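Given next are the chains, with one letter for each unit.
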Amino acid sequence: MNLQQATVLFNCNYRTDNHVIINQGGTNSGKTFAIMQVLFCLACEAEKQVITVVGQDIPNLKAGALRDAANIYSSWNELQAMVKSYNKTDRIFEFHNGTVVEFKSYDNAQDAKSGKRDYLFVNEANGVDWNIYTELALRTKKKIFIDYNPNSAFWVHDNLMGKPGVQLIISDHRHNPFLSANTKAKIEALKDEDHEQWRVYARGLTGRITGLIFNNWNICEQIPENAKPVAAGLDFGFTNDETGVVLVYKQNGELWVDEILYETALTNTDIATKLTTAGISKNLEIVADSAEPKSIEELRRLGWRISGAKKGPDSVNHSIDILKRFKINITRQSINLRNELGRYKWRTDRAGKTLNEPTDTWNHLIDPLRYVALNKLNENKRKTLKSRLPHKEELTKNFATANLLQ
Ligand SMILES: Nc1ncnc2c1ncn2[C@@H]1O[C@H](COP(=O)(O)OP(=O)(O)OP(=O)(O)O)[C@@H](O)[C@H]1O
Ligand SMILES: [Mg+2]
């Protein structure tokens, strides 16, 4: 096959005789893209093979390997000619030669015992259990590809590295010529923000990222029917930063949070349209970044019930304290919020000393969550609005997460 856009990572993964190929790397180095290209090439080369791509869960795959696969497929004519069909429900590419590329997640090791395959790709392997991996690996005939950001050591480091037949490739954004200068600059800027994060996400070196701020959250499948909406939080972004919106509910003293929007290049009119499409009612209170009064006023004129967050001298730490008092349930679909929470930590200086302020990098959904905390969850100051709040279904009737291959 004639592959027009291959990076050095493609060559390393394609031309290897090793059985296990570990792709450790910083963010956006092109790991997932290159491995998907390799898998598509391998799929075309022999008949009746099974190629399994595994992730922690389906939302993770949709934001990772499946998204890259869709991009590769849509811009590669030769590949399209080889593919017979794509089944969206089962997430399976079927090739004319009888080979399939399937995207799956497994709940436990027992579940992972089903099926055999020729090639395995474990995408963002630090989200997948060792027990699941071993069952899958046992049932893989040819090669295993693994990729991840090394925020801390895990089973790959403990059980695979250095073993015979295992190759380690470390990459970072400098290996990806298809990345915009803006994105590269943003990754490098971590150097001034947090040295440990820079080592991991800009250089792909195994970190010891400690000091995560929120440990009081877990994943839930959905918002309970009787949960009461508290408010939506909104953080404005544009060129480099995403505009983020979360919808916060309360039930039984716990918070339930759903990511609604995470996108760059949105004007205020675009934001209004997106909120409507997401099924957000104009009765719902929106708490937004008070640093943008003009945008807030524009949205108010478009009919939204929006106000600025009550920021004060110590409001960042104060809002973190408020949120820490709750058990927070994050919907599985909220993939960007889950990622941000997994990276939101106290800053450290070059000497590794922890500072009393959070990193200011991946917080476009955490900041809106903080805004809701400041205005609506600050119990001492809060007026009870419960009786006036509309029911959850009313507010989210039309909500559907936009996704390429959904
Ligand atoms: N060969 C390529 N041709 C065109 N674009 C590419 C190529 N490789 C990478 N890219 C672009 O770079 C982006 C980042 O690549 P990719 O998602 O593979 O990074 P990653 O190393 O898996 O990052 P992360 O660790 O954050 O998951 C892709 O979304 C795609 O836009
Ligand atoms: Mg990736």
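Analysis parameters
Residues numbered from 1 in each chain as written. Chains lettered and ligands numbered in written order. Predicted model: local features only at pLDDT ≥ 70, side-chain atom pairs only at ≥ 80, totals over all residues. Heavy atoms only, no water. Domains from an automatic or database assignment. Contact = heavy atoms within 4.5 Å. Buried area = accessible area lost by both parts, 1.4 Å probe. Salt bridge = Lys/Arg side-chain N within 4 Å of Asp/Glu carboxyl O. Near = heavy atom within 4 Å. Polar contact = N/O pair within 3.5 Å; in protein donor to acceptor, adjacent residues only side chain to side chain. Areas by Shrake-Rupley, 256 points an atom, 1.4 Å probe, with all protein chains shown as cover. Helix = DSSP H or I, 4+ residues; strand = E, 2+ residues; numbered from the N terminus. Nonpolar A, V, L, I, M, F, W, Y, C, P; charged D, E, K, R; others polar. Phe/Tyr/Trp six-rings, centres within 6.5 Å; stacked < 30°, edge-to-face > 60°. Buried < 20%, exposed > 50% of the residue type's maximum accessible area, 1.4 Å probe, protein only. Lys NZ or Arg CZ within 6 Å of the ring centre and 35° of its normal. Pairing = 2+ DSSP bridges. Axes fitted to C-alpha atoms, helices over the stretch in contact; angles between N-to-C directions.

1. Here we look at the domain arrangement of the protein
What the domain assignment lists for the protein is domain 1 (8-203) and domain 2 (217-395). On a C-alpha basis, the centroid separation for the pair domain 1 and domain 2 is 32 Å. Tallying the contact residues gives 18 residues for domain 1 and 20 residues for domain 2. Counting the surface lost from both domain 1 and domain 2, the interface buries some 1600 Å², and carbon and sulfur atoms represent 44% of this. The interface formed by domain 1 and domain 2 holds five salt bridges in total. Notably, a salt bridge pairs Asp-57 with Arg-332, separated by 2.6 Å at the nearest N-O pair.

2. Some points on the site of ligand 1
Around ligand 1 lies a shell of 17 residues, among which Gln-5, Thr-27, Lys-31, Thr-32 and Asn-149 are the nearest. One of the backbone N or O atoms of Ser-29 is found 3.0 Å from an oxygen atom in ligand 1. One of the side-chain N or O atoms of Lys-31 is found 2.7 Å from an oxygen atom in ligand 1. Alone, ligand 1 offers 640 Å² of accessible surface; in the complex the protein occludes 83% of this. Here the shell around ligand 1 gets four residues from one element, more than from any other, and that element is helix α2 (residues 31-45). Considered class by class, the residues forming the shell around ligand 1 number three nonpolar, 11 polar and three charged.

3. Overview of the packing of aromatic side chains
Inspection of the entire model under this criterion finds 13 aromatic pairs. A centroid spacing of 4.9 Å and a plane angle of 85° characterise the contact between Tyr-148 and Phe-154, whose relative ring orientation is edge-to-face. Of the two residues, Tyr-148 and Phe-154, both sit in the buried class. The ring centre of Trp-198 lies 4.6 Å from the NZ or CZ of Lys-191, which sits over that ring. Sitting above the plane of the Trp-362 ring, Arg-343 keeps its charged end 4.2 Å from the centroid.

4. Here's the deal with the pairing of strand β12 (residues 254-263)
Each regular strand displays side chains that alternate between the two surfaces of the sheet. Among the 10 residues of β12, seven are classified as buried, and the element is accordingly described as predominantly covered. Here strand β11 (residues 243-251) hands over to β12 after two residues, with Asn-252 in that stretch at a positive phi of 50°. Sheet topology note: the β12/strand β15 (residues 328-331) ladder contains three bridges and is parallel. Note that in β15 the partner of Val-257 across the bridge is Ile-330.

5. Remarks on the sheet that holds β12
If you walk across this open sheet you meet the seven strands as β9-β15-β12-β11-β10-β13-β14, and the pairing is mixed. The open sheet is flanked by β9 (217-220) and β14 (305-308), the only strands paired with a single partner. Strand after strand, the sheet turns through a mean of 30° between neighbouring axes, direction not considered. As defined by bridge partners, β11 adjoins β12 across nine bridges and the pair is classed as antiparallel. Pairing of Tyr-249 across the sheet is with Trp-256, part of β12. Helix-sheet contacts for helix α12 (residues 293-301) involve β10 (228-235), β13 (285-288) and β14, and the interaxial angle to β14 is about 165°.

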